[in-house]
Amino acid sequence: METNFITPIRLWGSIEGINNVSAVSETASADGMFRSIFENAIQDVRDTESNLQTQQYLLATGQIDNPHSVQIAASEAQLSTSMLVQLRNKALDSYNELMRISL
């Protein structure tokens, strides 16, 4: 289960391909990338919460070998939720700043 949502840097094929990109496709790809970051962050929160619930169930039923793994799962869930909230806050701050710009 991979929980990383940051896309690694990839090499471009050629310099010629850069000039052929239209502004519309740049906006669409940026929108898709922006959306995928939030979708991945939301999915990460869901995954870590599910893992935490599973770990808590195993601890409550006595089926767990390492009780400290529950605390680790709780920390991961809290961290992923905090990261999603910070992403939302930064997006709202950016939007509000753009709204303050007068043309």
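Calculation criteria
- Residues numbered from 1 in each chain as written.
- Predicted model: local features only at pLDDT ≥ 70, side-chain atom pairs only at ≥ 80, totals over all residues.
- Heavy atoms only, no water.
- Helix = DSSP H or I, 4+ residues; strand = E, 2+ residues; numbered from the N terminus.
- Buried < 20%, exposed > 50% of the residue type's maximum accessible area, 1.4 Å probe, protein only.
- Contact = heavy atoms within 4.5 Å.
- Areas by Shrake-Rupley, 256 points an atom, 1.4 Å probe, with all protein chains shown as cover.
- Phe/Tyr/Trp six-rings, centres within 6.5 Å; stacked < 30°, edge-to-face > 60°.
- Expected span 1.5 Å × (residues − 1).
- pLDDT = per-residue confidence, 0-100.
- Patch = residues over 30% accessible without salt bridge, like charges linked within 9 Å, V, L, I, M, F, W, Y side chains within 5 Å.
- Salt bridge = Lys/Arg side-chain N within 4 Å of Asp/Glu carboxyl O.

Participant: Before we go on, may I ask you to explain the overall build of the protein chain in this structure?
Facilitator: Helices and strands together make up the secondary structure of the protein chain, namely three helices and zero strands. Walking the protein chain from its N terminus toward its C terminus, one meets helices and strands in the order α-α-α. Considering the protein chain as a whole, with its 103 residues, one finds that 14% of them fall into the buried category. Taking the contacts inside the protein chain whose residues are at least 6 apart along the sequence as the reference set, 66% of them involve residues at least 24 apart. When the accessible surface of the protein chain is split by element, carbon and sulfur atoms take 57% of a total near 8,600 Å².

Participant: Help me understand the packing of aromatic side chains in this model?
Facilitator: The geometry of two aromatic rings is summed up by the distance between their centres and the angle between their planes. Counted under the stated rule, the structure contains one aromatic pair. Pairing Phe-34 with Phe-38 gives two aromatic rings, centres 5.2 Å apart and planes at 65°, and the pair type is edge-to-face. Taken together, the residues span about one helical turn, with Phe-34 and Phe-38 both in helix α2 (residues 23–61) at a distance of four residues. For Phe-34, a relative accessible area of 46% translates into the label partly exposed.

Participant: What should I look at first to understand helix α3 (residues 68–100) in this one?
Facilitator: What sets the pattern is the α-helix's 3.6 residues per turn: residues three or four places apart point alike. With 33 residues, α3 should cover 48 Å at 1.5 Å per step; its first-to-last C-alpha distance of 48 Å lies within 8% of that length. Buried within α3 we find Ser-69, Val-70, Ala-73, Ala-77 and Ser-80.

Participant: Help me out: how do you make sense of the environment of Ser-82 in this one?
Facilitator: Within the fold, Ser-82 resides in helix α3. Since its relative accessible area comes to 38%, Ser-82 is described here as partly exposed. Spatially, the C-alpha atom of Ser-82 lies 9.3 Å from that of Val-45, the residues being 37 residues apart in sequence.

Participant: Explain the side chain of Gln-55 to me, please; I cannot follow it from the model alone.
Facilitator: By the secondary structure assignment, Gln-55 is in helix α2. Of the residues examined, Gln-55 reaches a relative accessible area of 16% and is grouped as buried. Leave out the neighbours within four places in its chain, and Gln-55 touches Ile-64, Ser-69, Val-70 and Ala-73.

Participant: Help me understand the environment of Asn-51, please; the structure alone is not making it clear to me.
Facilitator: Along the polypeptide, Asn-51 turns up in helix α2. Overall, Asn-51 belongs to the partly exposed group, its relative accessible area being 25%. Sequence separation between Asn-51 and Ala-77 is 26 residues; the distance between their C-alpha atoms is 8.3 Å.

Participant: Looking at this structure, I do not really get the confidence of the model for the protein chain. What am I missing?
Facilitator: A low pLDDT means the predicted coordinates there should not be read in detail. Of the residues in the protein chain, 71% reach a pLDDT of 70 or more, and the chain-wide mean stands at 82. In the model of the protein chain, helix α1 (residues 16–19) stands out as the element of lowest mean pLDDT, 50, in contrast to α3, which has the highest, 94.

Participant: How should a nonpolar patch on the surface be read in this particular structure?
Facilitator: Taken together, the side chains of Tyr-95, Leu-98, Met-99 and Ile-101 define a hydrophobic patch exposed on the protein surface, amounting to about 450 Å² of accessible area. Mapping Ile-101 onto the fold places it in the segment after α3.

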